[in-house]
Amino acid sequence: MGKLDGKVALVTGATSGIGEVTARLFAAEGATVVVSGRNVERGSTIADDIARQGGTAMFVKADVCKTEDVQAMVRATVDTYGGLHVLFNNAGISGDTAPTTECTEENWDAVVDTSLKGTFLGMKYGIPAMLKTGGGSIINNSSNSGVVGFPGLPAYSAAKGGIVILTKTTALECAKQGIRVNVICAGTVVTPMVRQFMASNEGMQQYLESRTPMGRLGTPEEFAQLALFLASDDSAWCTGASHILDGGMLAV
Ligand SMILES: NC(=O)c1ccc[n+]([C@@H]2O[C@H](COP(=O)([O-])OP(=O)(O)OC[C@H]3O[C@@H](n4cnc5c(N)ncnc54)[C@H](OP(=O)(O)O)[C@@H]3O)[C@@H](O)[C@H]2O)c1
């Protein structure tokens, strides 16, 4: 028996990294999965792959910054699979690395729109569908940069900090409605986004490892296990909580 048997799960940013690995784990644990993102080729390949391995999945193209895409993504989920139980608002970009005084408005808008507005839109249109389904679990993807400052990433930190307080607010609004809302604040997890960030910032990998008490960076598989816990009924009494996953970084 899988931990998500009978549940319909929608994962944004599921065409790469944390989202992809989490979508695959959710499917392996019995969920019917909607793989979402903008990259049609990657998304379709991942959904086909899940189906080949015995799961049920489809790809829905959506840009989380666009209201009409998010509405259509939720509608396609409900129309195809009959409801929505789990929503993982994962899509995000780190944007350019530059201090606040040099952060362009374009970079600010792109980063904040993708992470913060995308999470807001996911919940705005996902919650009514979940209510009709009889309740569910929302997992938002923040970062430890949403808890402590990260010099050089002002838009990213602001967006991720916004997701933490948005999660608490929405969790309180939904607490008696059968919908739980939690947020994961992860340290550095080695994904394509992070590989690119480390490649364009010399010495960054060593710096990030040195700031992690456990001495190593995280894996998307480790992240997906926490997302699975929050998606499943194992976390039935968790809501409005920030779940730190960072090899001890924020314990210092
Ligand atoms: N890796 C880390 O160390 C780390 C730590 C803490 C938090 N996070 C967060 O985890 C999430 C995933 O990051 P990752 O490291 O797995 O990065 P990644 O491999 O680059 O994946 C990012 C995903 O977001 C999607 N995406 C980007 N912009 C989008 C948009 N406008 N609409 C829809 N989808 C969009 C991308 O899909 P398409 O290109 O197909 O649209 C891709 O699937 C992000 O929110 C990130 O901030 C990462």
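The written sequence of each chain sets the order in which its residues are numbered from 1. Whole-chain, interface and lining totals are the exception, using all residues; otherwise, since this is a predicted model, local features are given only for residues with pLDDT of at least 70 and side-chain atom pairs are given and counted only at 80 or more. Side-chain measures here rest on the full set of heavy atoms in the structure, leaving out hydrogens and waters.

### As for helix 4 (residues 105-133)
- Secondary structure elements follow DSSP: runs of H or I of four or more residues count as helices, runs of E of two or more count as strands, with numbering from the N terminus. Helix span, as expected, comes to 1.5 Å for every residue beyond the first. An ideal rise of 1.5 Å per residue puts 42 Å on 29 residues; helix 4 measures up with 39 Å between its terminal C-alpha atoms.
- Of all the bends in helix 4, the largest measures some 40° and sits at Asp-113. What we call the bend at a residue is the angle made by axes fitted to the seven residues finishing there and the seven residues starting there.

### Some points on the site of the ligand
- In the vicinity of the ligand there are 31 residues, among which Ser-16, Arg-38, Tyr-156, Val-189 and Thr-191 approach most closely.
- The separation between an oxygen atom of the ligand and a polar main-chain atom of Asn-39 is 2.8 Å.
- The definition of a polar contact used here is a pair of N or O atoms within 3.5 Å, where within protein one atom must be able to donate a hydrogen and the other to accept one, and adjacent residues in sequence count solely through side-chain atom pairs. At 3.5 Å, a backbone N or O of Gly-187 approaches an oxygen atom of the ligand.
- Protein chains shield 92% of the accessible area of the ligand, which is 880 Å² for the free molecule.
- Here the ligand occupies the largest pocket.
- Those elements giving two or more residues to the shell around the ligand turn out to be helix 1 (17-28), helix 5 (154-174) and helix 6 (192-199).
- Of all the elements, helix 6 adds the most residues to the shell around the ligand, at three residues.
- Side-chain classes follow a simple rule in which Ala, Val, Leu, Ile, Met, Phe, Trp, Tyr, Cys and Pro form the nonpolar group, Asp, Glu, Lys and Arg form the charged group, and the remainder, Gly included, forms the polar group. Of the residues in the shell around the ligand, the class split is 13 nonpolar, 15 polar and three charged. The near set for a molecule or strand comprises every residue that places at least one heavy atom within 4 Å of it. Using the Shrake-Rupley algorithm and a 1.4 Å probe, accessible areas are obtained, with residue cover drawn only from the displayed protein chains. For cavity detection a 1 Å grid was placed over the protein atoms alone, and a set of points counts as a cavity when a 1.4 Å probe fits there but cannot get out; an open set counts as a pocket when protein lies on both sides within 12 Å along at least five of seven lines, with lining residues being those that have an atom within 4 Å of a point. The rule for placing a molecule in a cavity or pocket is simple: more than half of its atoms must lie within 2 Å of the grid points.

### Remarks on the pattern of salt bridges
- The term salt bridge refers to a pairing of a side-chain nitrogen on Lys or Arg with a carboxyl oxygen on Asp or Glu at a separation within 4 Å. In this structure the tally under the stated criterion is seven salt bridges.
- For Asp-49, the salt bridge is made with Arg-24, and the minimal N-O distance between the two is 2.7 Å. Separated by 25 residues along the polypeptide, Asp-49 in helix 2 (residues 40-52) and Arg-24 in helix 1 bring together distant segments of the chain.
- Close ionic contact of Asp-49 with Arg-52 constitutes a salt bridge, the shortest N to O distance being 2.9 Å. Of this pair, Asp-49 and Arg-52 both sit in helix 2, three residues apart, which is roughly one turn of that helix.
- Each residue gets one of three labels from its accessible area relative to the maximum for its type: buried under 20%, exposed over 50%, partly exposed in between, using a 1.4 Å probe on protein chains only. Arg-52 sits in the exposed class, given a relative accessible area of 63%.
- Because the salt bridges share partners, they merge into one network encompassing Glu-20, Arg-24, Arg-42, Asp-49 and Arg-52.

### Thoughts on the nonpolar core
- Core analysis: the largest hydrophobic core is formed by 31 residues, its most contacted members being Phe-26, Val-33, Val-35, Ile-139, Ile-184 and Phe-223.
- Listed by contribution, the elements that provide at least two residues to this core are strand 1 (8-11), helix 1, strand 2 (32-37), helix 2, strand 3 (56-61), strand 4 (86-89), strand 6 (179-186) and helix 8 (220-231).
- Contact partners of Val-33, with chain neighbours within four places excluded, come to Ala-9, Ala-23, Phe-26, Ala-27, Thr-56, Ala-57, Met-58 and Tyr-81.
- Nonpolar core, defined: a set of buried Ala, Val, Leu, Ile, Met, Phe, Trp, Tyr and Cys residues in which side-chain atoms within 4.5 Å join the residues together. In terms of nonpolar packing, the next biggest core, distinct from the first, is built from 21 residues, Val-34, Met-58, Leu-87 and Met-123 among them. By definition in these notes, contact holds between two residues if any of their heavy atoms fall within 4.5 Å.

### Examining the sheet that holds strand 2
- By this definition, two strands are paired if DSSP reports at least two bridges between them. Strand order in the open sheet made by the seven strands is 3-2-1-4-5-6-7, with parallel pairing throughout. Of all the strands in the sheet, just strand 3 and strand 7 (242-245) have a single pairing partner and so form its edges. On average, adjacent strands in this sheet sit at an angle of 20° to one another, irrespective of strand direction.
- Note on geometry: axes are C-alpha line fits, over the in-contact stretch for helices, and angles between N-to-C directions span 0 to 180 degrees. Contacting strand 1, strand 2 and strand 3, helix 3 (residues 67-81) runs over the sheet at an angle of about 150° to strand 3.
- Lying on the sheet, helix 5 is in contact with strand 5 (136-141), strand 6 and strand 7; it crosses strand 6 at an angle near 160°.

### Description of the layout of surface pockets
- Grid points are joined across faces, edges and corners, and a volume is the space filled by probe spheres set on the points. Here the largest pocket is characterised by a volume of approximately 1,100 Å³.
- Lining the largest pocket are 46 residues, and of these Gly-92, Ile-93, Ser-94, Thr-191 and Met-193 sit closest to its centre.
- Counting only elements with at least two residues in the lining of the largest pocket, the list comes to helix 1, helix 5 and helix 6.
- Looking at which element gives the most residues to the lining of the largest pocket, the answer is helix 6, with five residues.
- Its residues assigned to classes, the lining of the largest pocket comprises 18 nonpolar, 24 polar and four charged.

### What to know about the side chain of Ser-36
- Here Ser-36 lies in strand 2.
- If sequence neighbours within four positions are ignored, Ser-36 has contacts with Leu-10, Val-11, Thr-12, Gly-13, Ala-14, Thr-15, Phe-59, Val-60, Ala-62 and Met-73.

### Description of the packing of helix 3 against helix 4
- Viewed as axis vectors pointing N to C, helix 3 and helix 4 meet at an angle of 30°, and their least axial separation amounts to 9 Å. Taken together, the axes of helix 3 and helix 4 lie roughly parallel to each other. Crossing geometry of helix 3 relative to helix 4 is assigned as right-handed. On helix 4, the residues that touch Thr-67, Val-70, Gln-71, Val-74 and Val-78 of helix 3 are Leu-121, Gly-122, Tyr-125, Gly-126 and Ala-129.
- Tallied by class, the residues present in the contact of helix 3 with helix 4 amount to six nonpolar, four polar and no charged. Each angle is binned into one of four classes, with values under 35 degrees roughly parallel, values over 145 roughly antiparallel, values of 65 to 115 roughly perpendicular, and all other values oblique. For any helix crossing, the convention is left-handed if the near helix is rotated counterclockwise from the far helix by under a right angle, and right-handed if that rotation is clockwise.

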